[in-house]
Amino acid sequence: VQMQNAVADYGDRTGQRFPGYKPGLFSRDSADPAYSETGLYGDPTFATAEKGRIVLDLLTREWLTALRGFATEPIKRER
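About the criteria used
Residues numbered from 1 in each chain as written. Predicted model: local features only at pLDDT ≥ 70, side-chain atom pairs only at ≥ 80, totals over all residues. Heavy atoms only, no water. Helix = DSSP H or I, 4+ residues; strand = E, 2+ residues; numbered from the N terminus. Buried < 20%, exposed > 50% of the residue type's maximum accessible area, 1.4 Å probe, protein only. Areas by Shrake-Rupley, 256 points an atom, 1.4 Å probe, with all protein chains shown as cover. Salt bridge = Lys/Arg side-chain N within 4 Å of Asp/Glu carboxyl O. Contact = heavy atoms within 4.5 Å. Patch = residues over 30% accessible without salt bridge, like charges linked within 9 Å, V, L, I, M, F, W, Y side chains within 5 Å. Polar contact = N/O pair within 3.5 Å; in protein donor to acceptor, adjacent residues only side chain to side chain.

**So, the overall build of the chain**
Secondary structure summary: the chain contains 1 helix and 0 strands in total. Counting the 79 residues in the chain, one finds 8% classified as buried. Accessible surface for the chain amounts to roughly 7,400 Å². Of this, 58% is attributable to carbon and sulfur atoms.

**As for the pattern of salt bridges**
Where charged atoms from two side chains of opposite charge come close, those side chains can pair. All told, the structure shown has 3 salt bridges when counted by the stated rule. Note that Glu 50 and Arg 53 form a salt bridge whose closest N and O atoms lie 3.3 Å from each other. On the criterion of helical spacing, the pair formed by Glu 50 and Arg 53 is a turn pair, its members being 3 residues apart in helix α1 (residues 49–72). The salt bridge partner of Glu 73 is Lys 76, with a shortest N-O separation of 3.7 Å.

**Describing the environment of Gly 42**
Along the chain, Gly 42 falls in the segment before α1. By relative accessible area, which is 10% here, Gly 42 ends up buried. Along the backbone, Gly 42 and Val 7 are 35 residues apart, and their C-alpha atoms lie at a distance of 8.8 Å. Not counting chain neighbours up to four residues away, the residues in contact with Gly 42 comprise Val 7, Ala 8, Asp 9 and Tyr 10.

**A short note on a nonpolar patch on the surface**
Residues Val 55, Leu 59, Trp 63, Leu 64, Leu 67 and Phe 70 make up a contiguous nonpolar surface patch of about 660 Å² in total accessible area. Secondary-structure assignment places Val 55 in helix α1. The exposure class assigned to Val 55 is partly exposed, which follows from its relative accessible area of 44%.

**As for the side chain of Asp 9**
Within the secondary structure, Asp 9 sits in the segment before α1. Within the structure, the side chain of Asp 9 is placed 2.5 Å from the side chain of Thr 38, a separation counted as a polar contact.

None of this, on its own, says anything about what the molecule does.
Structural data, given as structure tokens:
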């Protein structure tokens, strides 16, 4: 990670309300109210390698738990 390039971006997440429009946090379309020039939300300057290891370890454990659940759950077939 090149921390010298990290910038905080809390952006304007108010957006416009359009009928049926459900914006996500980010869009690549600059006309979209959910557009993010940086593609992030928050402040990555607080990140550290240790925090990254902790998060990766946690997510790995959670995904493995979910995958084991899928692998061991019997397939239910509708009749």
